[in-house]
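Per-entry structural report
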Amino acid sequence: MGILYVSDLDGTLLNTSASLSPYTIKTINGLVEKGMLFTYATARSLSSASVAAKGLNPKIPVIVYNGAYIMEPATGNILASESFTKEERSYVERKLSGYGVRPVVYSFIKGRERVSWNLLQINEGKKRYFGNRQGDKRLRPVENEKKLYEGEAFYYTCIGEEEELKPLYDIFAGDERYTCTFQQELYRPEYWLEIMPRKATKYNGILKLKELWHCDKVISFGDSVNDIPMFQISDQCYAVENAVDSLKKLATGIIGNNDSDSVAKWLEENFRE
């Protein structure tokens, strides 16, 4: 039995430039070589997370899409996943359409992971999001709603104004078929509404990893509201200084901010072989 160490990426392990410092990479990789069971749990896809966390070498699977998938970082193999039923997808799509919101849709189309969005409804938040992902082979711009919802969607992201998305959050947050998060993007004015299958949470992702690797304890690090489920399953949980207040209230302790290598420093000081 052992300890599973889990960190969020954006706002926690990653600095404000959405990257890892050489110190964090060297420290965590060194501890992994000594036997530390370290992984990350993020709302990012594996593709996006691998770019942001370049140089980091976890030897166990990672949790992506907020727990919708557990994947091997080196191979991209899917070890576990959560999905919508056909009826659940249809309900999401009807509600979003009814409110005039066109989401970013993550889906599998003919067995291939794709990221679709409607070119006819674009805003600054979406422009920035896709501008940072140029060259990503998953990207699939479309020009009508029918194509937007093709395939088997497993994750919906809506990027827009708070007043535009809040009514939809109220709908899905109160529906036991879904997991829904709503928060302002880090260092940006836009809000993100993310709709996932009910069991797609960092809590359930960590529970699966804990069982797969026969761990009896979890220590985690986070900064945002989507880390609350992760903190709820952890034996110890540490919020970075820049974390939201709702997460700090659940934390075992508060460490330095995400620009201070705080997670790596804590691990270096507290990990025992």
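Everything below is about the structure printed above this text.
So, a few notes on the structure that sits alongside this text.

How each quantity is defined
- Residues numbered from 1 in each chain as written.
- Predicted model: local features only at pLDDT ≥ 70, side-chain atom pairs only at ≥ 80, totals over all residues.
- Heavy atoms only, no water.
- Helix = DSSP H or I, 4+ residues; strand = E, 2+ residues; numbered from the N terminus.
- Rg over C-alpha atoms; globule rule 2.2 N^0.38 Å.
- Buried < 20%, exposed > 50% of the residue type's maximum accessible area, 1.4 Å probe, protein only.
- Contact = heavy atoms within 4.5 Å.
- Lys, Arg positive; Asp, Glu negative; His and termini not counted.
- Charge placed at Lys NZ, Arg CZ, Asp CG, Glu CD.
- Patch = residues over 30% accessible without salt bridge, like charges linked within 9 Å, V, L, I, M, F, W, Y side chains within 5 Å.
- Areas by Shrake-Rupley, 256 points an atom, 1.4 Å probe, with all protein chains shown as cover.
- Salt bridge = Lys/Arg side-chain N within 4 Å of Asp/Glu carboxyl O.
- Axes fitted to C-alpha atoms, helices over the stretch in contact; angles between N-to-C directions.
- Left-handed = near helix turned anticlockwise from the far one by under 90°.
- Nonpolar A, V, L, I, M, F, W, Y, C, P; charged D, E, K, R; others polar.
- Pairing = 2+ DSSP bridges.
- Core = buried A, V, L, I, M, F, W, Y, C linked by side-chain atoms within 4.5 Å.
- Polar contact = N/O pair within 3.5 Å; in protein donor to acceptor, adjacent residues only side chain to side chain.
- Parallel < 35°, antiparallel > 145°, perpendicular 65-115°, else oblique.

1. Concerning the overall build of the chain
Along its length, the chain carries eleven helices and 14 strands. A compact globule built from 273 residues would reach a C-alpha radius of gyration of about 19 Å, and the chain, at 18 Å, matches this within 12%. For the C-alpha atoms alone, the extent of the chain along its principal axes is close to 55 × 35 × 35 Å. Buried residues in the chain amount to 54% of all 273 residues. A sequence separation of at least 24 residues applies to 60% of the contacts in the chain between residues at least 6 apart. Computed over 35 positive and 37 negative side-chain charges, the inter-centroid distance for the chain is 5 Å.

2. Topic: a negative patch on the surface
Together, Glu 161, Glu 162, Glu 163 and Glu 164 make up a region of like negative charge exposed at the surface. Mapped onto the fold, Glu 161 is located in the loop between strand S9 (152-160) and helix H7 (162-173). The exposure class assigned to Glu 161 is partly exposed, which follows from its relative accessible area of 46%.

3. Quick notes on the packing of helix H2 (residues 22-33) against helix H11 (residues 262-270)
For the pair H2 and H11, the least separation of the axes is 9 Å and the interaxial angle reads 35°. Viewed along their axes, H2 and H11 form a crossing whose handedness is left-handed. From H2, Tyr 23, Thr 24, Thr 27, Ile 28 and Leu 31 reach across to H11, where they touch Ala 264, Lys 265, Leu 267 and Glu 268. Here the residues of the contact of H2 with H11 are counted per class, giving five nonpolar, two polar and two charged.

4. Structural notes on the environment of Val 62
You can see Val 62 is positioned in strand S3 (residues 62-64). Aside from chain neighbours lying at most four places away, what touches Val 62 is Thr 39, Tyr 40, Leu 46, Tyr 69, Ile 70, Met 71 and Pro 73.

5. Concerning the pairing of strand S5 (residues 78-81)
In the sheet, strand S4 (residues 69-71) pairs with S5 via three bridges, with the strands oriented antiparallel. From the neighbouring strand, Met 71 faces S5, where its bridge partner is Ile 78. The turn linking S4 back onto S5 is made up of six residues, and Gly 76 within it adopts a positive phi angle of 80°.

6. Section: the sheet that holds strand S7 (residues 112-118)
In space, the six strands of this open sheet follow the order S8-S7-S6-S9-S11-S10, with mixed pairing throughout. Looking at which strands have only one partner, the edges of the open sheet turn out to be strand S8 (139-142) and strand S10 (178-184). Neighbour to neighbour, the strand axes of the sheet diverge by 25° on average, direction disregarded. Where strand S6 (residues 104-109) and S7 come together, five bridges link them in antiparallel fashion. Bridging across to S7, Tyr 106 finds its partner in Val 115. Of the strands in this sheet, S9, S10 and strand S11 (191-197) are in contact with H7, which crosses S10 at around 155°.

7. Observations regarding the nonpolar core
With 65 residues, the main nonpolar core has Ile 28, Met 36, Phe 38 and Leu 267 as its most contacted residues. Tyr 91, Val 101, Tyr 149 and Leu 193 belong to the second largest nonpolar core, which has 21 residues in total.

8. Some points on the side chain of Thr 27
Position of Thr 27 among the secondary structure elements: in helix H2. On the accessibility criterion, Thr 27 (10% relative accessible area) is buried. Contacts of Thr 27, omitting those with residues within four sequence positions, involve Ala 264 and Glu 268.

9. Here's the deal with the sheet that holds S3
Taken in spatial order, the three strands of this open sheet run S3-S4-S5, and their pairing is antiparallel. Looking along the sheet, the strands with just one partner apiece sit at the ends: S3 and S5. Across this sheet, the average inter-strand angle for adjacent strands is 25°, counted without regard to direction.

10. Here's the deal with the side chain of Ser 220
With respect to the helices and strands, the residue Ser 220 is situated in strand S12 (residues 215-222). At 2.7 Å, the side chain of Ser 220 forms a polar contact with the side chain of Ser 234. Not counting chain neighbours up to four residues away, the residues in contact with Ser 220 comprise Val 6, Met 230, Phe 231, Ser 234, Gln 236, Cys 237 and Tyr 238.

11. Some remarks on the packing of helix H4 (residues 86-98) against H7
Relative to each other, H4 and H7 sit at 155°, their axes nearing to 11 Å. By the angle between their directions, the pair H4 and H7 is classed as roughly antiparallel. Between H4 and H7 lies a crossing of right-handed hand. The segment H4 lies against H7, with Tyr 91, Val 92, Lys 95 and Leu 96 engaging Leu 168, Ile 171 and Phe 172.

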